[in-house]
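Listed here are the chains, written in short residue letters.
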Amino acid sequence: MLVAPSVFFSNMKIDIKNAVSHFFSSHSLDMVYSEAVANAIDAGASKVSIDVEIESFSKPETLKIRISDNGCGFNSRNFEKFSRLLDVDAVDHKGVGRLVYLCYFDCIRFTSVYDNGVKREFLFDNHFEGLSEECDVSDGELNGTSILFEHFIGSKINSYSQLLPEKIKGYLLDSFLPMFFLKKRKNEEIRIEISLLTQECNKEKDFFSKKAVLSLDDVPDLACKNVILQEIDLYETFHVFYRIENDKSKPKKLTTKICVDGRTLPLKILTPDAIPNAYQVFIMVMSDALKGSTNASRQVLELSNGITEEQLLGALSPVVSQILSCEITCIDERNKKIYTDVARKYPHLLGCYDRGNSVGLVNENQIIEAAQKEFFRRQKALLDRQDELSESDYYTALEFASRSLTEYIVYRGM
């Protein structure tokens, strides 16, 4: 029986193909997995399976992906929401994620059982108008949804990693780490089984039929520091989760993330040269103050209330710096030595750099460069006021003269 939603959804009468390019100008095949998994978790699923099938990596047209879950299924309300772009129940949802499916496949078939006995089937493509077929199923058939992705439309698959179960597992763990971490703390369950079936192997690329499982056992244990960042939000707490290890058998590794709407985005709060060798550092920032702070495709951080990313990083820097100093005691010792060396080598720059703004290990060249810029900025500000110098400005001019003489003496002696 062919049925339409109880309300006519004019939203889907738009040109879906144009909507895809508008909302997902940047995308990757991995996003097909993450969108389907996110929807499964929203539907209450505790088990998800991802089955990738392809004849050969060189034959992308043969790619098929089936993603199934044991969630509540496409009941009337869920199907209505699916049939309307931007129809969301919460600010941390965007209502356009499913469009990424159409960046890679012409044909996406949904089969879903809901209310313990009703099956809904429909085809999602560029011509979807909110119609589905429903029928009763035998007693005992469990709720859940299966999505079959067919007719790959790309000219190639960009990377083997987009098909390898262990790489998909790593991508999903990274993408949904905040959600998985909270589930683990609540003793909830989620298990994602991933398989690859191929007829043509490539041993050099580790490409052959295999399986991987992602469970909450893969989620690391993290310490937490809770703070209020008054510059950003007066009421909501920011949770800075972290894990710092010193394993000399492993290379240095730095991972910094910010969690928004259940997903993770890169957080450029420090660079790898800010931590010593043989340290593995993981930092993840979460807060309800960040709800809804991404663009429609959830790929770009978009803060509200006039807050810039630079302001957010500035507010978080002292917190992260304190964590690193406490956990990696050699940082303060090495930084003290570097600042002492800078003061000895470049006395004319004293007071032009702020020792309190550093996060992790400081870099001597960066300190000197920033100090020189600040010195020139102050000089220019004084020159711009030369026709109306105050007594304070006069003494500032004397200070600049003294600094310049010091600089001359220092460099002359080098």
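Preceding block: the structure.
Residues numbered from 1 in each chain as written. Predicted model: local features only at pLDDT ≥ 70, side-chain atom pairs only at ≥ 80, totals over all residues. Heavy atoms only, no water.

Novice: Run through the overall build of the protein, naming residues and quoting values.
Specialist: What the protein contains, in helices and strands, is nine helices and 14 strands. A total of 414 residues make up the protein; the buried ones form 47% of that total. Put simply, of all contacts in the protein between residues at least 6 apart along the chain, 69% involve residues at least 24 apart. Summed over its atoms, the accessible surface of the protein is roughly 22200 Å², and 48% of this surface lies on carbon and sulfur atoms. (Helix = DSSP H or I, 4+ residues; strand = E, 2+ residues; numbered from the N terminus. Buried < 20%, exposed > 50% of the residue type's maximum accessible area, 1.4 Å probe, protein only. Contact = heavy atoms within 4.5 Å. Areas by Shrake-Rupley, 256 points an atom, 1.4 Å probe, with all protein chains shown as cover.)

Novice: Explain helix H4 (residues 165–175) residue by residue, including any values.
Specialist: Turning to H4, its buried residues are Pro165, Ile168, Leu172, Leu173 and Ser175. Looking down the long axis of H4, one finds its buried residues gathered within 165 degrees of arc, a one-sided arrangement. Taken together, the buried residues of H4 touch helix H2 (30–42), strand E2 (47–54), helix H5 (177–185), strand E8 (191–198), strand E9 (210–215) and strand E13 (263–266). (Arc of directions from axis to C-beta.)

Novice: Please provide a residue-by-residue account of the sheet that holds strand E12 (residues 253–260), values included.
Specialist: Here five strands make up an open sheet; going across it, the order is E10-E11-E14-E12-E13 and the pairing mixed. Each edge of the open sheet carries a strand with a single partner, namely strand E10 (223–227) and E13. Strand-to-strand twist of the sheet, defined as the mean angle between neighbouring strand axes without regard to direction, takes the value 25 degrees. On top of the sheet, helix H6 (residues 309–327) reaches E10, strand E11 (238–246), E12 and strand E14 (279–287); it is set at about 35 degrees to E11, its chief contact. (Pairing = 2+ DSSP bridges. Axes fitted to C-alpha atoms, helices over the stretch in contact; angles between N-to-C directions.)

Novice: Describe the packing of aromatic side chains, naming the residues involved and giving the relevant values.
Specialist: Here the structure, examined in full by the defined rule, presents 22 aromatic pairs. Taking the centre distance of 5.4 Å and the plane angle of 80 degrees together, the rings of Phe74 and Phe122 count as edge-to-face. Of this pair, Phe74 sits in the loop between strand E3 (64–69) and helix H3 (76–82) while Phe122 sits in strand E5 (residues 118–124), placing them 48 residues apart in sequence. Residue class for Phe74 comes out buried when judged on its relative accessible area of 12%. Considering the side-chain rings of Phe122 and Phe128, the 5.8 Å spacing of their centres and the 40 degrees angle between planes classify their relative orientation as tilted. A relative accessible area of 3% means that Phe128 is categorised as buried. Grouping aromatic residues by their ring pairs yields a cluster made of Phe74, Phe79, Phe82, Phe110, Phe122, Phe124 and Phe128. For Lys210, the ring lying beneath its charged end belongs to Phe208, and the centroid distance is 4.4 Å. (Phe/Tyr/Trp six-rings, centres within 6.5 Å; stacked < 30°, edge-to-face > 60°. Lys NZ or Arg CZ within 6 Å of the ring centre and 35° of its normal.)

Novice: Pulling in residues and values, what's your account of the environment of Pro165?
Specialist: Tracing the backbone shows Pro165 in helix H4. Separated by 47 residues in the primary sequence, Pro165 and Ala212 place their C-alpha atoms 5.4 Å from one another. With near-sequence residues (within four places) excluded, Pro165 lies in contact with Ile194, Ser195, Leu196, Lys210, Lys211 and Ala212.

Novice: Could you give an account of unusual backbone geometry, naming the residues involved and the relevant values?
Specialist: Only a minority of non-glycine residues have a phi that is not negative, and only a minority of peptide bonds are not trans. Phi at Asn187 takes a positive value of approximately 60 degrees, unusual for a residue other than glycine. Position of Asn187 relative to the elements: it lies in the loop between H5 and E8. Its identity is not glycine, yet Ala278 carries a phi of approximately 70 degrees, on the positive side. Here Ala278 lies in the loop between E13 and E14. The class of Ala278 is buried, set by a relative accessible area of 16%.

Novice: Which residues make up the pattern of salt bridges, and what values go with them?
Specialist: Inspection of the entire model under this criterion finds 15 salt bridges. The residue Lys59 makes a salt bridge to Glu55 at a minimum N-O spacing of 3.8 Å. Residue class for Glu55 comes out partly exposed when judged on its relative accessible area of 34%. A salt bridge links Glu188 to Lys183; the shortest N-O distance between them is 3.2 Å. (Salt bridge = Lys/Arg side-chain N within 4 Å of Asp/Glu carboxyl O.)

Novice: Before we move on, could you go through the environment of Ile41 and cite the residues and values that matter?
Specialist: The topology assignment puts Ile41 in helix H2. Through-space distance from the C-alpha of Ile41 to that of Met179 is 9.5 Å; in sequence the pair is 138 residues apart. When residues no more than four places from it in sequence are discounted, the contact partners of Ile41 are Met179, Phe180, Lys183 and Ile190.

Novice: Requested: an account of H6, with residues and values cited.
Specialist: Between the first and last C-alpha of H6 there are 26 Å, a value that for 19 residues agrees with the 27 Å anticipated at 1.5 Å per step. Along its length, H6 shows its largest kink, about 35 degrees, at Leu316, and proline Pro318 lies within four residues downstream of that point. Every buried residue of H6 is listed here: Leu312, Leu313, Ala315, Leu316, Ser317, Val319, Val320, Ser321, Ile323, Leu324 and Ser325. (Expected span 1.5 Å × (residues − 1). Bend = angle between axes of the 7 residues up to and from the residue.)

Novice: Help me get a handle on the environment of Asp221, residues and values and all.
Specialist: Mapped onto the secondary structure, Asp221 falls in the loop between E9 and E10. Exposure remark for Asp221: the relative accessible area of 53% places this residue in the exposed category. Setting aside residues up to four positions removed in sequence, Asp221 forms contacts with Lys184 and Arg243. A polar side-chain atom of Asp221 sits 3.4 Å from a polar atom in the side chain of Lys184. (Polar contact = N/O pair within 3.5 Å; in protein donor to acceptor, adjacent residues only side chain to side chain.)

Novice: Lay out the side chain of Ser68 in plain terms, naming residues and giving numbers.
Specialist: Summarising the element assignment, Ser68 is placed in strand E3. Polar side-chain contacts of Ser68 include one of 3.3 Å to the side chain of Ser146. When residues no more than four places from it in sequence are discounted, the contact partners of Ser68 are Lys47, Val48, Ser49, Thr145 and Ser146.

Novice: For the pairing of E5, give the residues involved together with the corresponding values.
Specialist: Across the seven residues of E5, five count as buried, placing the element largely inside the fold. Relative to E5, strand E4 (residues 105–114) runs antiparallel, the two being bridged by seven bridges. Within E5, the position partnered with Arg109 by the bridge is Leu123. Between the antiparallel neighbours E4 and E5 lie three residues, among them Asp115 with a positive phi of about 55 degrees.

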